Amino acid sequence: MQTIEVRFKGNRRGFFDWPVTTAPLRLNEAVLVEADRGLDFGRVNTVGDAALKKCGSCSSCEVGAKDPSEGRGTEVAAGDMEHGAWAGGETAALPASQVASPTPQALRPVVARRAGPNDIAQHEELRRNEDEVRRAVAERVKNHKLGMRISDTEWQWDRNRLTIYFTAEARVDFRNLVRDLATQFRTRIELRQIGVRDEAARLGGVGRCGREFCCSTWLTVTGPVNLAL
């Protein structure tokens, strides 16, 4: 069994097992992994003992785990509004006695298969479509007169989920927006509020030093900033 770290769009990462020991995965190889209700596309970032070491120090090994610094979000399916939809992602939590302790096997899903040429082509087509989707979502936000800025959008490879990243200075009631978007795109919609540093990491750019932002290249986990003098 080979443990690997897979990197997705925007420095999102997750840890998975590859059961085919006779054909180990290599760095930067394209793979399809188990995701929420389907499959997602990523590339191998770390393998073997290095991946196990990272996984042991990671706060979450769930599918396509989002970095804790990315903020929290709310996911709502088309026509399914009982979850609520307030920016910030406050959701009802079960008592600790009702939450089953996860096993290592449950925490680390498996790689479904290597990605073939058709899989890669579908992934690239979705990435090209995401900018158009972002503009369409921003137009809907404008129509609903909401105080939020759409930073980025991300399709799951099988189009079973659309994640929308946004920034906002205050809480936003986006229930009507989610209903509108679910009707338009006919998929599960996840609105995820992020901070300005996380927005910079996702979008990239050049800093005052003349180099690409550290947070969008090698610095994948950012620590808290202390403003005290």
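Residues numbered from 1 in each chain as written. Predicted model: local features only at pLDDT ≥ 70, side-chain atom pairs only at ≥ 80, totals over all residues. Heavy atoms only, no water.

1. Re the overall build of the chain
Line of reasoning, step 1. On a plain count of helices and strands, the chain comes out with 5 helices and 9 strands.
Line of reasoning, step 2. Put simply, the chain runs from its N terminus to its C terminus through helices and strands in the order β-β-β-β-α-β-α-β-α-β-β-α-β-α.
Line of reasoning, step 3. Relative to its 229 residues, the chain shows a buried fraction of 40%.
Line of reasoning, step 4. Looking at the chain alone, contacts between residues at least 24 apart form 68% of all its contacts between residues at least 6 apart.
Line of reasoning, step 5. Accessible surface, the chain: about 13,000 Å² in total, of which carbon and sulfur atoms supply 52%. (Helix = DSSP H or I, 4+ residues; strand = E, 2+ residues; numbered from the N terminus. Buried < 20%, exposed > 50% of the residue type's maximum accessible area, 1.4 Å probe, protein only. Contact = heavy atoms within 4.5 Å. Areas by Shrake-Rupley, 256 points an atom, 1.4 Å probe, with all protein chains shown as cover.)

2. Some thoughts on the packing of aromatic side chains
Line of reasoning, step 1. Evaluation of the coordinates by the stated rule reveals 3 aromatic pairs.
Line of reasoning, step 2. Here Trp155 and Phe185 contribute two aromatic rings whose centre-to-centre distance is 6.2 Å and whose plane-to-plane angle is 80 degrees, an arrangement assigned as edge-to-face. With a gap of 30 residues between them, Trp155 in strand S7 (residues 149-155) and Phe185 in helix H4 (residues 175-185) connect regions that are remote in the sequence.
Line of reasoning, step 3. Looking at Trp155, the relative accessible area reads 2%, which means it is buried.
Line of reasoning, step 4. Relative to Phe174, the ring of Phe166 lies with its centre 6.0 Å away and its plane at 85 degrees, an arrangement referred to as edge-to-face.
Line of reasoning, step 5. Judged by relative accessible area, Phe166 falls into the buried class, the value being 0%.
Line of reasoning, step 6. Directly above the aromatic system of Phe8 lies the positively charged group of Arg12, at a separation of 4.5 Å from the ring centroid.
Line of reasoning, step 7. Between the NZ or CZ atom of Arg159 and the centre of the ring of Trp155, over which it lies, the distance is 4.0 Å. (Phe/Tyr/Trp six-rings, centres within 6.5 Å; stacked < 30°, edge-to-face > 60°. Lys NZ or Arg CZ within 6 Å of the ring centre and 35° of its normal.)

3. Considering the pairing of strand S4 (residues 38-47)
Line of reasoning, step 1. The sheet contact formed by strand S1 (residues 2-7) and S4 spans 4 bridges and is antiparallel. Residue Val6 lies in a different strand from S4, and its bridge partner there is Val44.
Line of reasoning, step 2. Bridge analysis of strand S3 (residues 30-35) against S4 gives 6 bridges, and the strand direction is antiparallel. By the bridge assignment, Glu34 is partnered in S4 with Leu39.
Line of reasoning, step 3. Once S3 ends, the chain turns through 2 residues before running back antiparallel as S4, passing Arg37 with a positive phi of about 60 degrees. (Pairing = 2+ DSSP bridges.)

4. Observations concerning the confidence of the model for the chain
Line of reasoning, step 1. Chain-level statistics for the chain give a pLDDT mean of 76 and a share of 66% at 70 or above.
Line of reasoning, step 2. Averaged over each element, pLDDT in the chain is lowest for strand S5 (residues 73-76) (50) and highest for helix H3 (residues 117-144) (95).
Line of reasoning, step 3. Low pLDDT, under 50, characterises residues 60-72; the predicted model gives this stretch 46 contacts beyond four residues in sequence or across chains.
Line of reasoning, step 4. Contacts for the low-pLDDT stretch residues 75-106, under 50 throughout, to residues beyond four places or in other chains number 47 contacts. (pLDDT = per-residue confidence, 0-100.)

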